[in-house]
Amino acid sequence: MVAMSLFSVVAYLFLSFLVSAWIVRLSAQNQLTKTIRKNLFLFPIVPVLVVVAGAGYMLGHVCKSVKNALLRAFEILSGRKLRRRKRIYFF
């Protein structure tokens, strides 16, 4: 039982190290990459950071899409275009 948990910890650290190196190689100018390169000892928490950053990125896009859909629906229902500088038309 102890050997299995020890193996799991070692495997997690090894895979976290590989994922960190892979992220640094793929995106050299990313904020996460700069943090990893500056503080290499943070590599065990990289999988958690990637999941949190990905969730935040997806949540931002979902919120933007919902906002654009609501603006477009308001324009359709009111029959008038909203007054703004940036257009949201895709077609």
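Thresholds, definitions, all that
- Residues numbered from 1 in each chain as written.
- Predicted model: local features only at pLDDT ≥ 70, side-chain atom pairs only at ≥ 80, totals over all residues.
- Heavy atoms only, no water.
- Helix = DSSP H or I, 4+ residues; strand = E, 2+ residues; numbered from the N terminus.
- Expected span 1.5 Å × (residues − 1).
- Buried < 20%, exposed > 50% of the residue type's maximum accessible area, 1.4 Å probe, protein only.
- Contact = heavy atoms within 4.5 Å.
- pLDDT = per-residue confidence, 0-100.
- Patch = residues over 30% accessible without salt bridge, like charges linked within 9 Å, V, L, I, M, F, W, Y side chains within 5 Å.
- Areas by Shrake-Rupley, 256 points an atom, 1.4 Å probe, with all protein chains shown as cover.
- Salt bridge = Lys/Arg side-chain N within 4 Å of Asp/Glu carboxyl O.
- Phe/Tyr/Trp six-rings, centres within 6.5 Å; stacked < 30°, edge-to-face > 60°.

Draft legend 1. Fine view of helix H3 (residues 46-78). Along its 33 residues, H3 runs 48 Å from first to last C-alpha, staying within 8% of the 48 Å computed at 1.5 Å per residue. Turning to H3, its buried residues are Val46, Asn68 and Glu75. Buried positions along H3 lie against helix H1 (2-26) and helix H2 (31-38). Immediately downstream of H3, the backbone of Gly79 shows phi near 80 degrees, a positive value.

Draft legend 2. Main features of the confidence of the model for the protein. Per-residue confidence for the protein gives a mean pLDDT of 84, with 91% of residues at or over 70. Per-element averaging of pLDDT across the protein places H2 at the bottom with 83 and H1 at the top with 89.

Draft legend 3. Representation of a nonpolar patch on the surface within the structure. Judged by side-chain polarity, Val9, Tyr12, Leu13, Val48 and Val52 come together as a nonpolar surface patch covering roughly 430 Å² of accessible area. Listing elements by their share of the nonpolar patch, those giving two or more residues are H1 and H3. In terms of residue count, H1 provides more of the nonpolar patch than any other element does, three residues in total. Along the polypeptide, Val48 turns up in helix H3.

Draft legend 4. Quick peek at the packing of aromatic side chains. The tally for this structure, following the rule as stated, stands at one aromatic pair. Relative to Phe43, the ring of Phe17 lies with its centre 5.4 Å away and its plane at 80 degrees, an arrangement referred to as edge-to-face. Note that Phe17 is positioned in helix H1 and Phe43 in the loop between H2 and H3, a separation of 26 residues in sequence. Phe43 sits in the buried class, given a relative accessible area of 19%.

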